[in-house]
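# A closer look at the structure
Chain by chain, the residues run as shown.
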Amino acid sequence: MTTPTLRFLADENCDFAVVRALRAAGHDVLAVSEEMTRSDDRQLIERACHDRRILLTEDKDFGWLVFA
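An account of the accompanying structure is given in this report. From a predicted model like this one, the values you see are computed outputs, not experimental measurements.

If you check the backbone angles, Arg 52 has positive phi at about 55 degrees while not being a glycine. Within the element layout of this structure, Arg 52 appears in the loop between α2 (41–50) and β3 (54–56).

A word on the environment of Leu 30. Within the secondary structure layout, Leu 30 lies in strand β2 (residues 28–31). Taking the relative accessible area as the measure of exposure, Leu 30 reaches 18% and is therefore buried. Measuring from C-alpha to C-alpha, the distance between Leu 30 and Ala 48 comes to 9.8 Å, with 18 residues separating the pair along the chain. With near-sequence residues (within four places) excluded, Leu 30 lies in contact with Phe 8, Leu 9, Ala 10, Glu 35, Arg 47 and Arg 53.

The periodicity of an α-helix, 3.6 residues per turn, causes residues three or four places apart in sequence to face the same way. Among the residues of α2, those classed as buried are Asp 41, Leu 44 and Ala 48. The arc that holds every buried residue of α2, seen down its axis, measures 60 degrees, which confines them to one face. Exposed side of α2, more than 90 degrees from the buried face: Arg 42, Gln 43, Glu 46, Cys 49 and His 50 are the residues found there. Structurally, the start of α2 carries an N-cap: the backbone nitrogen of Arg 42 is 3.2 Å from a side-chain oxygen of Asp 40. Immediately downstream of α2, the backbone of Arg 52 shows phi near 55 degrees, a positive value.

The next thing to look at is the pattern of salt bridges. The full count for this structure, using the stated rule, is five salt bridges. Taking the shortest distance from any N to any O, the salt bridge between Glu 35 and Arg 47 comes out at 2.9 Å. In this pair, Glu 35 sits in the loop between β2 and α2 while Arg 47 sits in helix α2, placing the two residues twelve residues apart along the sequence. A residue is classified by how much of its surface remains accessible, and Glu 35, at 45% relative accessible area, is partly exposed. Classification of Arg 47 by relative accessible area gives partly exposed; the value is 27%.

Scoring rules and cut-offs
Residue positions are given per chain, counted from 1 along the sequence in the order it is written. Local features in this predicted model are restricted to residues whose pLDDT is 70 or higher, and side-chain atom pairs enter the listing and the counts only when it is 80 or higher, whereas totals over whole chains, interfaces and linings include all residues. With hydrogens and water excluded, all non-hydrogen atoms of the structure serve as input to the side-chain values. Numbering of helices and strands runs from the N terminus, with a helix taken as a DSSP run of H or I at least four residues long and a strand as a DSSP run of E at least two residues long. Only protein chains enter the accessibility calculation, which uses a 1.4 Å probe; a residue whose area is less than 20% of its type maximum is buried, one above 50% is exposed, and one in between is partly exposed. By definition in these notes, contact holds between two residues if any of their heavy atoms fall within 4.5 Å. Within this analysis, the arc is defined by the directions that extend from the helix axis to the C-beta atoms. Residues adjacent in sequence count toward polar contacts only when both atoms are side-chain atoms; beyond that, a polar contact is any pair of N or O atoms within 3.5 Å, and within protein one must be able to donate a hydrogen and the other to accept it. Note on definitions: salt bridges are taken to be side-chain nitrogens of Lys or Arg within 4 Å of carboxyl oxygens of Asp or Glu.

Here's what the structure looks like:
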């Protein structure tokens, strides 16, 4: 039985060790820090939804945007 591949979007606040571990486990991880240095939280939420990715972050501001 194989583990399904999950799709993640890791924002720049996410510890890159998490990105490496998920990739090593065979998951599709797009790391924002590899594309840009500053990102907008709302745009990241929209991109994660559009691309059907799970958003990974350590930024507590996302909670307000998602639940408000």
